[in-house]
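Chain by chain, the residues:
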Amino acid sequence: MLRTLALKGVYKSDQDDILRHFYFPALAAANRYDRAVGYFSASSLSEAAQALTVFIKGDGVIRLIVGAFTAQSDVDAVREGLRLKEVSERIGAEMVAAVTGIDDELFQHRFKALAWLIAHDRLEIRVALRPKGIYHDKVGIISDADGDAVVFSGSANESAAALLPTQNYESINVFPSWRPELADWHEPHRESFVRLWNNMSRGTIVIDLPTALKANLLEVAASLDAPPDSEREAEIARRLRALEAVEPVEPSERLPRAPETINGMPFKMREHQLEALRAWQANGYRGIFDLATGAGKTITAVYATVQMAKGVPGLAVVIAAPYQSLADQWCEILEAFNIRPLQCYVSKENWHEDLQKRVLDMQGGSDAFQAIVVVNRTLRTPEFQAALARIPGNRLLWIGDECHHHGSESLASALPSNAHYRIGLSATPMHYLDETRNDRLKAYYGEIVFSYTLAQAITDKVLTPYNYYPTVVPLTSDEAGEFISLSDDIARAFMREGKTSGPPSTMLTALLMKRARIIGSAANKMGALQETLAGQPPRKHALFYCGDGQVETDGSEDDDGSEDSQPSRQIEAVSRLLDGQGWKVSRFTARESRRERESILQSFKTGAIDGLVAIKCLDEGIDVPACSIAYILASSRDPRQFIQRRGRILRRSPGKTIANIHDYIVVLPDDAQDESGAARKLITAELKRVAEFSGLAENRNEAYAVLRPILTAYDLEHVL
């Protein structure tokens, strides 16, 4: 509690670390924080948000007042109940403009803390308007559960080192409420804040937070996987204070280092991660890590970077990810290891000039360490290729995330041949059909130096145990006929092409996709799903994987009678079914914009929606550890897809003790005439995958009882 803290009466920046010595301990003991910071600006907002990274660990609430410029006519109009929306929108636009494009590291970290609190309904912001001049009070009131409070005032702007003139001399005065002799100092501040918050202060109008700024904060919050960390805030502030004092940061302070905690948990490398790094080292610092999804491949590679930076002066690490969402996740994790990478994606104008400067520094050996994160699309551009080729190869660590993409001809040719150190990361590095692609991958990264299976990850409690509920779904007569016909065509095409490796032809690919859609969108799956969900309330954190084909609607009461016979995309049919049963779900497909998908994921993580209905967008890399139940209505023949999906479902999350997977497995009807056996061969391959997965389930006996009849029919009983 506050009264147990050894607080000083005055803190001065030339002698005190105000953040660590005052804000952190005081806010850690608080359950309410009232703050007024004067005129709204990036620096004042950063000041208001300092140490909130420690405050958000509790369950307290914050009230924040900021000032804004306005005219007498605006104040009069708002006071009379006129033009409030117009004034609020204008001020909101000005506020968003004031914080947009600020690249100050500390400001960004604290702005994320504000965003997190807004998104979790623990921060309320109001704006004070005055007709002449501005609201310029700077006061804070920190209260605890015992009713004690600490009032402080002053100009503690050390938080905005990169936004304000350097070498500021700052101080704050502190007045504890339990010291009666200080009542004349702290009571006026407390009373003034209450009057202002309730819009009862003479000469000042107080309005709610403008929609534009709130929307901006919520957008930032949607991109966060975890709340900003207080240790990171303290480290950034320390570095900025060193700059203000015109004291150069030691090279060692710019090097990567392992954090004490990640996401609030003590950081410690797992044995399988260390074993992977030892195998990589023994192989000449080259190789592929075949780690089960969720086993920590990103952390493993970043830890390798930390260790390499100690022994390779001027190390440059370049990380290539397939998508921007994955690149963003990399940047978040890298920051925890004291690494702030250059982000080479989105617009070239954002990174090209900076990249050229950094490459010059790398060539001259003036940098102790550099980090770059790039997406595969940018990797292939001439501008990035030219810069990449100039990085000294003997100091270049190349990390390929989801490296199976780099087996393609276009990407393989874009990989830096000069990189002396190379790590390939994937839960599914090898392609199940294309040996030429696999050869290209191994030619660059080397062999798989370490594998860590799903079974090992579950045994080691790296992944969550699971129950597996298979449902056997026979094709309809028409579907079976088309499926058998396509399978025969595919078998003949393979024989004509005579290929044992290399990608299939365009025609063969089209046939394979058409057959896959029959399996993915089998009509009987809708009835099977409806039966599974019957009588069950909606579940939080559920995933529904759909095919991209169409199913026939059944004229249910949710359908328009004029469309009874019209086909519907499976994802639409599943969404309607869930909606009819009271589920709150959102689609998660390529049709949604990146911003929409970020917002949807945030709603999923917080439980604002029950589930996601997806096609392929969640197959790779997107981190949704909160997911506890999945319904797999479609999966391709490629084992990579199912491996990625089940790993996504089994990631550990607080409070998650077991995952549940419902899998809808298509088989031929008993009367199907598959004379060539080509169709049966595909079903057999799928059943082998199902049998393997059921064997690792907690309820393996229950799953076996369901699968036994069909495995017996396909002569596969021995696989269990």
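Everything here concerns the structure above.
Residues numbered from 1 in each chain as written. Predicted model: local features only at pLDDT ≥ 70, side-chain atom pairs only at ≥ 80, totals over all residues. Heavy atoms only, no water.

Peer 1: I keep staring at the packing of helix α5 (residues 84-99) against helix α8 (residues 211-222) and nothing clicks. Help me out?
Peer 2: If you want to describe how two helices pack, look at the angle between their axes and the distance between the axes. Where α5 contacts α8, the two axes come as close as 7 Å, and the packing angle between them is 40°. The angle between α5 and α8 falls in the class oblique. Mapping the contact onto sequence places Gly92, Ala93, Met95, Val96 and Val99 in α5 and Ala212, Leu213 and Asn216 in α8. Looking at the contact of α5 with α8 residue by residue, the class counts come to six nonpolar, two polar and no charged. (Axes fitted to C-alpha atoms, helices over the stretch in contact; angles between N-to-C directions. Helix = DSSP H or I, 4+ residues; strand = E, 2+ residues; numbered from the N terminus. Parallel < 35°, antiparallel > 145°, perpendicular 65-115°, else oblique. Contact = heavy atoms within 4.5 Å. Nonpolar A, V, L, I, M, F, W, Y, C, P; charged D, E, K, R; others polar.)

Peer 1: I would appreciate a short explanation of the nonpolar core in the present structure.
Peer 2: Here is a general trend for soluble globular proteins: nonpolar side chains tend to be buried in one another's company. Within the largest apolar cluster, 94 residues are counted, with the highest numbers of intra-cluster contacts made by Trp280, Ile399, Tyr466, Tyr468, Phe483, Leu650 and Leu668. In terms of residues, this core owes the most to one element, helix α11 (residues 297-311), which gives eight residues. With residues near it in sequence (within four places) discarded, Tyr468 still touches Ile661, Asp663, Ile665, Arg689, Val690, Phe693, Ser694, Ala697, Asn699 and Ala703. Judged by nonpolar contacts, the second largest core, of 62 residues, contains Phe24, Val66, Ile118 and Ile205. (Core = buried A, V, L, I, M, F, W, Y, C linked by side-chain atoms within 4.5 Å. Buried < 20%, exposed > 50% of the residue type's maximum accessible area, 1.4 Å probe, protein only.)

Peer 1: What am I meant to see in the side chain of Thr684 here?
Peer 2: As for its placement among the helices and strands, Thr684 is situated in helix α25 (residues 678-695). Aside from chain neighbours lying at most four places away, what touches Thr684 is Tyr714 and Leu716.

Peer 1: Whenever I open this one, the sheet that holds strand β11 (residues 286-291) confuses me. Can you help?
Peer 2: The pairing of strands in a sheet happens through backbone hydrogen bonds and is either parallel or antiparallel. Taken in spatial order, the seven strands make up an open sheet running β13-β14-β12-β15-β16-β11-β17, and their pairing is parallel. Looking along the sheet, the strands with just one partner apiece sit at the ends: β13 (342-344) and β17 (448-452). Strand-to-strand twist in this sheet, taken as the mean axis angle between neighbours without regard to direction, amounts to 15°. The sheet contact formed by β13 and strand β14 (residues 369-375) spans three bridges and is parallel. The residue bridging Leu342 from the neighbouring strand is Ile372, located in β14. Packed on one face of the sheet, helix α10 (residues 271-282) meets β11, β15 (396-401), β16 (421-426) and β17 and runs near 170° to β17. (Pairing = 2+ DSSP bridges.)

Peer 1: So what exactly am I meant to see when it comes to helix α26 (residues 700-713) here?
Peer 2: Residue pairs spaced three or four apart in an α-helix point in one direction, given the helix's 3.6 residues per turn. With 14 residues, α26 ought to run about 20 Å at 1.5 Å a step, and its terminal C-alpha atoms sit 19 Å apart, in line with that. Residue Leu707 marks the point of greatest curvature in α26, where the axis turns by about 50°; the proline Pro709 follows within four residues. Ala703, Leu707, Ile710 and Leu711 are the residues of α26 that are buried. Where the residues of α26 are buried, they touch β18 (466-474), β25 (659-667) and α25. (Expected span 1.5 Å × (residues − 1). Bend = angle between axes of the 7 residues up to and from the residue.)

Peer 1: Got a minute to help me understand the packing of aromatic side chains in this structure?
Peer 2: Each aromatic ring pair is summarised here by two numbers: the centre-to-centre distance and the angle between the ring planes. Summed over all chains, the structure comprises 17 aromatic pairs. For the pair Phe193 and Trp197, a centre-to-centre distance of 6.1 Å together with 10° between the ring planes defines the contact as stacked. Taken as a pair, Phe193 and Trp197 lie in helix α7 (residues 183-197) at a separation of four residues, close to a single helical turn. Both residues of the pair, Phe193 and Trp197, belong to the buried class. (Phe/Tyr/Trp six-rings, centres within 6.5 Å; stacked < 30°, edge-to-face > 60°.)

Peer 1: Just to check I follow, could you spell out the pairing of strand β19 (residues 542-545) for this structure?
Peer 2: Two faces, one strand: in a regular strand the side chains alternate between the faces of the sheet. Residues Ala542 and Phe544 point to one face of β19 and Leu543 and Tyr545 to the other, with burial holding for every one of them. The pairing of β19 with strand β23 (residues 611-614) spans four bridges and is classified as parallel. Its bridge partner lying in β23, Leu543 is registered against Leu612. By the bridge criterion, four bridges tie β19 to strand β24 (residues 629-632) in an arrangement that is parallel. Note on β24: the bridge partner recorded for Ala542 is Ile629.

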